[in-house]
Number of protein chains: 2
Amino acid sequence: MTTYLLERAWVDGRVLDDVLVEIDGGRFTSVTSVGSTRDSRRFSGVATAEKRGNTRLTGDPNDATPLPGLTIPGLANCHSHAFHRALRGRTQRDRGTFWTWRDQMYDVAARLDPDTYLELATATYREMAAAGITCVGEFHYLHHQPDGTPYDDPNAMGKVLIEAARRAGIRITLLDTCYLSSGFGKPPEGPQVRFSDGDVDAWVDRVNAIGPWEHAHIGGAYHSVRAVPLNQMKRYTTAPLHIHLSEQVAENDACLAEYGLTPTQVFAEAGHLTENNTLVHATHLTDDDIRLIGETRTYSCFCPTTERDLGDGVGPSRELHDAGSRLTLGSDSHAVIDLFEEMRAVELDERLATQQRGHWDAAELLEAGTRHDSLGWADAGRIAVGARADLVTIATDSVRTAGTGADEQTAVFAAVAEDVIQVVADGHVVFRADDRAQLGRDLEAVIGRLWR
Amino acid sequence: MTTYLLERAWVDGRVLDDVLVEIDGGRFTSVTSVGSTRDSRRFSGVATAEKRGNTRLTGDPNDATPLPGLTIPGLANCHSHAFHRALRGRTQRDRGTFWTWRDQMYDVAARLDPDTYLELATATYREMAAAGITCVGEFHYLHHQPDGTPYDDPNAMGKVLIEAARRAGIRITLLDTCYLSSGFGKPPEGPQVRFSDGDVDAWVDRVNAIGPWEHAHIGGAYHSVRAVPLNQMKRYTTAPLHIHLSEQVAENDACLAEYGLTPTQVFAEAGHLTENNTLVHATHLTDDDIRLIGETRTYSCFCPTTERDLGDGVGPSRELHDAGSRLTLGSDSHAVIDLFEEMRAVELDERLATQQRGHWDAAELLEAGTRHDSLGWADAGRIAVGARADLVTIATDSVRTAGTGADEQTAVFAAVAEDVIQVVADGHVVFRADDRAQLGRDLEAVIGRLWR
């Protein structure tokens with residue numbers, strides 16, 4: 001058993017001082033507020049020391065490992081393309097659009113094989129762990145050899161990602177992605193032959209052969225309404241199921257021309273608007289789309305730093321929430337891997353779009369950033385008895401965070417990834433601040449080899 | 001004399017490897033590319049080693065202090081209100097607007113006296129130095145005692161800011177600010193009595209009594225068209241002269257109602273649209289405003305992280321540039337002190353507004369971030385013989401920057417303030433990475449005392 005004494009912690013929607021947590025078998029076995037604090041009253045799932053009676057508290061605060069700073073639950077990065085990390089800082093030279101950026105992204109995709117992807121994904125997931133991310137949803141479509149032939153193990157690339165997460169010490173939900181067409185009615189072109197299984201049956205057969213792991217769930221994704229025809233998309237579902245949706249106006253236009261339906265209506269028609277599934281981006285929606293998404297409680301995964309980088313626009317995050325959708329966050333293209341930045345960007349971009357402040361408060365954004373259930377890990381993302389023991393500790397006296405009050409506003413509106421000083425995932429320490437310099441050098445070496 | 005060997009450096013608009021710089025009397029006395037590099041040819045103001053002939057190079061690369069990483073000129077923070085640093089992370093609780101935020105800002109203003117402001121501004125300027133900022137333009141209006149009575153020295157507060165910059169090791173341009181009215185035709189209210197000199201003559205008399213300093217220029221500012229009547233604004237000018245302009249639509253509307261003119265037209269009518277002067281924000285402009293600003297080559301100072309935070313909107317940065325205005329940058333309210341973030345935010349917010357990429361390239365944004373002339377320091381902001389010796393060195397193998405190519409895209413699109421590993425200002429080392437942890441603790445102590 002491991003015992004930590006958290007100086008301040010985000011527990012059940014508020015900040016408490018002096019929280020003792022006991023961890024056994026990778027889960028919290030007790031969570032107790034022991035301090036004479038301004039907020040030490042008993043609340044759901046947590047006992048104060050003087051009232052602990054029948055809780056399972058066995059540790060002594062004096063024996064616990066103290067964690068100074070503000071500790072929050074593990075962050076969930078719900079939308080990742082690991083290999084995009086190699087593009088950071090390399091796509092900013094010329095004018096262009098989402099579509100010209102995509103050509104550069106395909107250039108990296110063409111360079112990878114299972115060995116180099118294992119190296120790159122391991123370094124990328126270690127960067128995530130260092131940023132307080134304890135679980136990644138990997139939207140994975142780089143399945144086959146450069147000429148489209150499957151590897152000897154047709155799941156070689158997917159297994160590389162699962163192994164990379166294991167090495168980084170974080171959980172993964174492999175969202176194995178079905179990608180069949182370059183556009184509406186067009187076969188895969190160029191690097192896209194690596195993505196395609198030919199038809200949805202072959203995709204399902206391949207995915208079903210990926211074995212179970214302790215730290216990995218297998219989910220599915222339809223890449224987009226342009227990459228999977230509606231009649232194919234209708235045939236299979238899985239949970240969780242993700243899709244890129246309405247990131248670009250051009251996709252909406254082409255979809256309307258093909259089906260007379262918006263991408264949201266296509267996904268609904270296929271039967272996939274459900275409370276287990278996630279729409280990634282959801283940027284350009286009609287009022288009717290928002291109503292449909294909200295009624296079905298489908299998740300909306302926003303990736304604001306990528307949406308800025310690619311010039312996607314500002315999606316209706318608050319309207320989706322108010323309609324019933326639950327917000328999740330992803331670092332997507334990894335131009336930035338920093339969920340603190342993603343959390344505040346949701347609010348800040350909404351301010352730019354509306355010239356009003358206060359659409360989302362820090363508590364709501366912290367809930368979005370730590371929400372693991374859209375990846376199939378409903379037992380994570382809270383500091384509570386029985387939950388998976390993830391702890392992300394942020395310095396509250398760094399240059400960024402000093403003077404900001406050491407509360408949820410500090411985490412959401414001031415901190416950066418560099419303020420993370422320790423990360424525990426499933427009970428194990430997977431990052432300490434002292435590891436940061438070596439991780440930088442490792443990333444430089446791995447990405448340097450790729451571009452050489 | 002001090003000699004540095006820069007592993008990579010941004011010199012005259014490009015990145016060079018192995019640049020030897022000699023510094024004497026606070027200025028560069030030689031700048032020489034000594035490496036067998038991909039870009040070691042001779043160019044303006046710089047000699048390669050083998051051609052150095054009549055340059056004043058006297059140092060031996062083997063005796064130089066090596067600076068690994070990417071070194072850029074000093075960054076200029078052209079719009080600062082130092083005391084706003086105490087608000088970081090404390091204004092995000094409720095719904096509201098720019099105007100409700102302003103009430104919270106006034107609450108901090110009311111707490112400060114010369115002693116506490118010296119502490120706070122020193123810590124804030126040290127945070128700037130740690131972020132690679134070697135010069136600050138301080139838009140200073142907190143002049144008098146809480147009841148509006150001048151201090152025994154009527155410039156006590158301004159002198160505190162000049163002393164704070166000295167202690168932090170950076171240059172300052174004190175933009176002493178004239179603030180006469182709460183709104184069009186309204187006297188100062190509440191905390192605003194600390195800001196007002198009564199009339200423009202009294203303001204000029206006070207400012208003229210601030211003495212000269214080695215590291216400080218004295219400039220002026222009219223707070224805004226709402227705070228200074230046009231007939232007063234017409235009577236005096238100084239250089240540089242700054243003004244908050246068209247940050248909020250409500251200000252534009254009130255200005256049109258009062259004068260039948262936009263704020264830009266008012267400032268033009270007063271005779272202040274000139275190539276020495278700066279319009280801060282310049283967010284909500286007409287096409288005619290943009291033409292006027294461009295024709296007169298007036299600077300536009302954008303503060304994107306503050307403009308996000310306050311929901312100001314996205315100003316027409318590229319249109320202003322294309323019309324002839326020169327872009328500068330400021331961290332303004334210090335919700336963030338990170339000019340790397342400000343540089344990229346200009347481009348990223350323009351992408352959100354237009355759904356296109358590539359409005360500004362990294363070289364242009366780096367030029368904006370290092371542009372010192374709008375603060376009256378035309379001899380700074382370049383690594384060149386005769387220029388003030390400012391050197392900001394960024395790690396190129398940090399978790400953020402690794403793999404990004406160690407060039408201007410690294411600085412503008414990947415780095416954060418935490419990647420700064422050494423800062424030289426006017427020839428003196430004013431920050432090393434090892435100082436960062438103590439600086440955080442000092443900020444926490446100073447701001448903590450203020451809120452207690």
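Residues numbered from 1 in each chain as written. Chains lettered and ligands numbered in written order. Predicted model: local features only at pLDDT ≥ 70, side-chain atom pairs only at ≥ 80, totals over all residues. Heavy atoms only, no water.

1. A closer look at the sheet that holds strand E10 (residues 241-245) of chain A
What holds strands together in a sheet is hydrogen bonding between their backbones, with the strands either parallel or antiparallel.
Residues and elements named next belong to chain A.
Line of reasoning, step 1. Across the sheet, which stays open at both edges, the 8 strands sit in the order E6-E7-E8-E9-E10-E11-E12-E13 with parallel pairing between neighbours. The sheet is open, and its two borders are formed by strand E6 (75-80) and strand E13 (327-329), each paired with just one other strand. Between one strand axis and the next, the sheet turns through 25° on average, direction left out of account.
Line of reasoning, step 2. Strand direction decides the pairing type here: strand E7 (residues 133-140) and strand E8 (residues 171-178), joined by 6 bridges, are parallel. The residue of E8 that forms the bridge with phenylalanine 139 is leucine 175.
Line of reasoning, step 3. Helix H3 (residues 156-168) contacts E7, E8 and strand E9 (216-222) of the sheet and is inclined by roughly 165° relative to E8. (Pairing = 2+ DSSP bridges. Helix = DSSP H or I, 4+ residues; strand = E, 2+ residues; numbered from the N terminus. Axes fitted to C-alpha atoms, helices over the stretch in contact; angles between N-to-C directions. Contact = heavy atoms within 4.5 Å.)

2. Focus: the interface of chain A and chain B
Line of reasoning, step 1. Taken together, the contact between chain A and chain B spans 65 residues of the former and 65 residues of the latter.
Line of reasoning, step 2. With both chains or domains summed, chain A and chain B bury close to 5400 Å², and 46% of this area falls on carbon and sulfur atoms.
Line of reasoning, step 3. When the buried surface of chain A facing chain B is broken down by residue, A:Arg357, A:Val399 and A:Arg400 rank first, second and third, together holding 16% of it.
Line of reasoning, step 4. Between chain A and chain B we count 8 salt bridges in total. (Buried area = accessible area lost by both parts, 1.4 Å probe. Salt bridge = Lys/Arg side-chain N within 4 Å of Asp/Glu carboxyl O.)

3. Brief notes about the packing of aromatic side chains
Two aromatic rings, taken as a pair, are described by how far apart their centres are and by the angle between their planes.
Line of reasoning, step 1. Considering all chains together, one arrives at 20 aromatic pairs over all chains under this definition.
Line of reasoning, step 2. Considering the side-chain rings of A:Phe83 and A:Tyr141, the 6.2 Å spacing of their centres and the 85° angle between planes classify their relative orientation as edge-to-face. Of this pair, A:Phe83 sits in the loop between E6 and helix H1 (98-111) while A:Tyr141 is found in the loop between E7 and H3, placing the two residues 58 residues apart along the sequence. Each member of the pair, A:Phe83 as well as A:Tyr141, is classed as buried.
Line of reasoning, step 3. Members of the aromatic cluster, each reached through a chain of ring pairs, are A:Phe83, A:Tyr106, A:Tyr117, A:Tyr141, A:Tyr179 and A:Phe195.
Line of reasoning, step 4. Positioned above the aromatic ring of A:Tyr299 is the side chain of A:Arg326, whose terminal nitrogen or guanidinium carbon lies 3.9 Å from the ring centre.
Line of reasoning, step 5. A cation sits over an aromatic face here: B:Arg171 above B:Trp377, 5.4 Å from the ring centre. (Phe/Tyr/Trp six-rings, centres within 6.5 Å; stacked < 30°, edge-to-face > 60°. Buried < 20%, exposed > 50% of the residue type's maximum accessible area, 1.4 Å probe, protein only. Lys NZ or Arg CZ within 6 Å of the ring centre and 35° of its normal.)

4. A closer look at the domain arrangement of chain A
Residue and element names in this part refer to chain A.
Line of reasoning, step 1. On domain assignment, one finds that chain A holds domain 1 (2-72 + 389-435) and domain 2 (75-375).
Line of reasoning, step 2. Of the roughly 1800 Å² buried between domain 1 and domain 2, counting both surfaces, carbon and sulfur atoms make up 70%.
Line of reasoning, step 3. Between the two partners, domain 1 and domain 2, sit 2 salt bridges.
Line of reasoning, step 4. For aspartate 426, the salt bridge identified is with arginine 171, shortest N-O distance 2.8 Å.
Line of reasoning, step 5. Along the contact surface separating domain 1 from domain 2 lie 6 residue pairs in polar contact (both at pLDDT 80 or more).
Line of reasoning, step 6. Those elements that provide at least two residues to the side of domain 1 that touches domain 2 are strand E14 (391-394), helix H13 (408-413), strand E15 (420-425) and strand E16 (428-432).
Line of reasoning, step 7. The leading source of residues in the side of domain 1 that touches domain 2 is H13, at 5 residues.
Line of reasoning, step 8. Residues belonging to the side of domain 1 that touches domain 2 are distributed by class as follows: 17 nonpolar, 1 polar and 3 charged. (Domains from an automatic or database assignment. Polar contact = N/O pair within 3.5 Å; in protein donor to acceptor, adjacent residues only side chain to side chain. Nonpolar A, V, L, I, M, F, W, Y, C, P; charged D, E, K, R; others polar.)

5. What to know about the sheet that holds strand E10 (residues 241-245) of chain B
Residue and element names in this part refer to chain B.
Line of reasoning, step 1. The 8 strands lie next to each other as E6-E7-E8-E9-E10-E11-E12-E13, forming an open sheet whose pairing is parallel. Each having just a single partner strand, strand E6 (75-80) and strand E13 (327-329) make up the two edges of the open sheet. Ignoring strand direction, the axes of neighbouring strands in this sheet form an average angle of 25°.
Line of reasoning, step 2. By the bridge criterion, 3 bridges tie strand E9 (residues 216-222) to E10 in an arrangement that is parallel. From the neighbouring strand, glycine 220 faces E10, where its bridge partner is leucine 241.

6. Things to note about the side chain of A:His334
All names here are of chain A.
Line of reasoning, step 1. Looking at where histidine 334 falls in the secondary structure, it is placed in the loop between E13 and helix H11 (339-354).
Line of reasoning, step 2. With relative accessibility at 0%, the residue histidine 334 sits in the buried group.
Line of reasoning, step 3. A distance of 3.0 Å separates polar atoms of two side chains, one belonging to histidine 334 and the other to serine 80.
Line of reasoning, step 4. Discounting chain neighbours no more than four positions away, the residues touching histidine 334 are Asn77, Ser80, His81, Ala82, Arg85, Arg88, Thr124, Met128 and Thr306.

7. Comments concerning the pairing of strand E2 (residues 14-24) of chain B
Residues and elements named next belong to chain B.
Line of reasoning, step 1. Counting buried residues in E2 gives 8 out of 11 residues, a clear majority hidden from the surface.
Line of reasoning, step 2. Hairpin remark: strand E1 (residues 2-11) followed by E2, antiparallel, with 2 residues in the connecting loop; positive phi at aspartate 12, about 55°.
Line of reasoning, step 3. The pairing of E2 with strand E3 (residues 27-33) spans 6 bridges and is classified as antiparallel. Bridged to valine 21 within E3 is valine 31.
Line of reasoning, step 4. Between E2 and E3, which follow one another and run antiparallel, lie 2 residues, and glycine 25 among them has a positive phi close to 60°.

8. Notes on unusual backbone geometry
Residue and element names in this part refer to chain A.
Line of reasoning, step 1. Geometrically, the link from alanine 239 to proline 240 is a cis peptide bond, its omega value of -5° lying close to zero.
Line of reasoning, step 2. For aspartate 426, which is not glycine, the phi dihedral falls at a positive 50°.
Line of reasoning, step 3. With respect to the helices and strands, aspartate 426 occurs in the loop between E15 and E16.
Line of reasoning, step 4. When its relative accessible area of 18% is taken as the criterion, aspartate 426 is described as buried.

9. Remarks on the environment of B:Arg85
Line of reasoning, step 1. Within the secondary structure, B:Arg85 is located in the loop between E6 and helix H1 (98-111).
Line of reasoning, step 2. Taking C-alpha positions, B:Arg85 is 10.0 Å from B:Tyr125, a pair spaced 40 residues apart along the chain.
Line of reasoning, step 3. Looking at B:Arg85, its side chain comes within polar contact range of the main-chain oxygen of A:Ala402, at 2.9 Å.

10. Quick word on the side chain of B:Arg436
Line of reasoning, step 1. Mapped onto the secondary structure, B:Arg436 falls in helix H14 (residues 436-451).
Line of reasoning, step 2. Buried within the structure, B:Arg436 lacks any salt-bridge partner; B:Glu418 is the closest side chain of opposite charge, at an N-O distance of 5.6 Å.
Line of reasoning, step 3. Reaching out from B:Arg436, the side chain makes a polar contact with the backbone oxygen of B:Glu418 at a distance of 3.2 Å.
Line of reasoning, step 4. In contact with B:Arg436, other than residues within four places in its own chain, are A:Val399, B:Ala130, B:Ala417, B:Glu418, B:Val420 and B:Phe431. (Lys, Arg positive; Asp, Glu negative; His and termini not counted.)

11. Here we look at helix H8 (residues 287-295) of chain A
Residue and element names in this part refer to chain A.
Line of reasoning, step 1. Within the span of H8, buried status applies to Asp289, Ile290, Leu292, Ile293 and Gly294.
Line of reasoning, step 2. In this fold, the buried residues of H8 make contact with helix H7 (263-269), strand E11 (278-281), strand E12 (299-302) and helix H10 (317-323).
Line of reasoning, step 3. Within two residues after H8, arginine 297 carries a phi angle of roughly 55°, on the positive side.

12. Focus: the relation of the copies chain A and chain B
Line of reasoning, step 1. Mapping chain A onto chain B leaves a residual RMSD of 0.0 Å; the transformation is a rotation of 180° accompanied by 0.0 Å of translation along its axis. The symmetry that links the two subunits is that of a two-fold axis. Considering only C-alpha atoms, the residue of chain A closest to the rotation axis is A:Glu418, which sits at 3.7 Å.
Line of reasoning, step 2. By residue overlap, the copies meet face to face through one surface: 100% of the interface positions of chain A are interface positions in chain B. (Least-squares fit on C-alpha atoms with pLDDT ≥ 70 in both.)

13. Some thoughts on the packing of H11(A) against helix H12 (residues 362-369) of chain A
Residue and element names in this part refer to chain A.
Line of reasoning, step 1. At a closest axis distance of 10 Å, the pairing of H11 and H12 adopts a crossing angle of 130°. Classified by the interaxial angle, the pair formed by H11 and H12 is oblique. Read as a crossing pair, H11 and H12 show a hand that is right-handed. Along its contact with H11, which presents Leu339, Met343, Val346 and Glu347, the element H12 presents Leu365, Leu366 and Gly369.
Line of reasoning, step 2. Across the contact of H11 with H12, the residue classes break down as 5 nonpolar, 1 polar and 1 charged. (Parallel < 35°, antiparallel > 145°, perpendicular 65-115°, else oblique. Left-handed = near helix turned anticlockwise from the far one by under 90°.)

14. Quick look at H14(B)
Two residues of an α-helix separated by three or four positions point the same way, owing to the 3.6 residues in each turn.
Residue and element names in this part refer to chain B.
Line of reasoning, step 1. Spanning 16 residues, H14 covers 23 Å between terminal C-alpha atoms, matching the ideal 22 Å at 1.5 Å per step.
Line of reasoning, step 2. Burial in H14 covers these residues: Arg436, Leu439, Gly440, Leu443, Val446, Ile447 and Leu450. Considered in projection along H14, the buried side chains sweep an arc of 135° and stay on one side of the axis.
Line of reasoning, step 3. Against the buried residues of H14 lie H1, helix H2 (114-130), strand E15 (420-425) and strand E16 (428-432). (Expected span 1.5 Å × (residues − 1). Arc of directions from axis to C-beta.)

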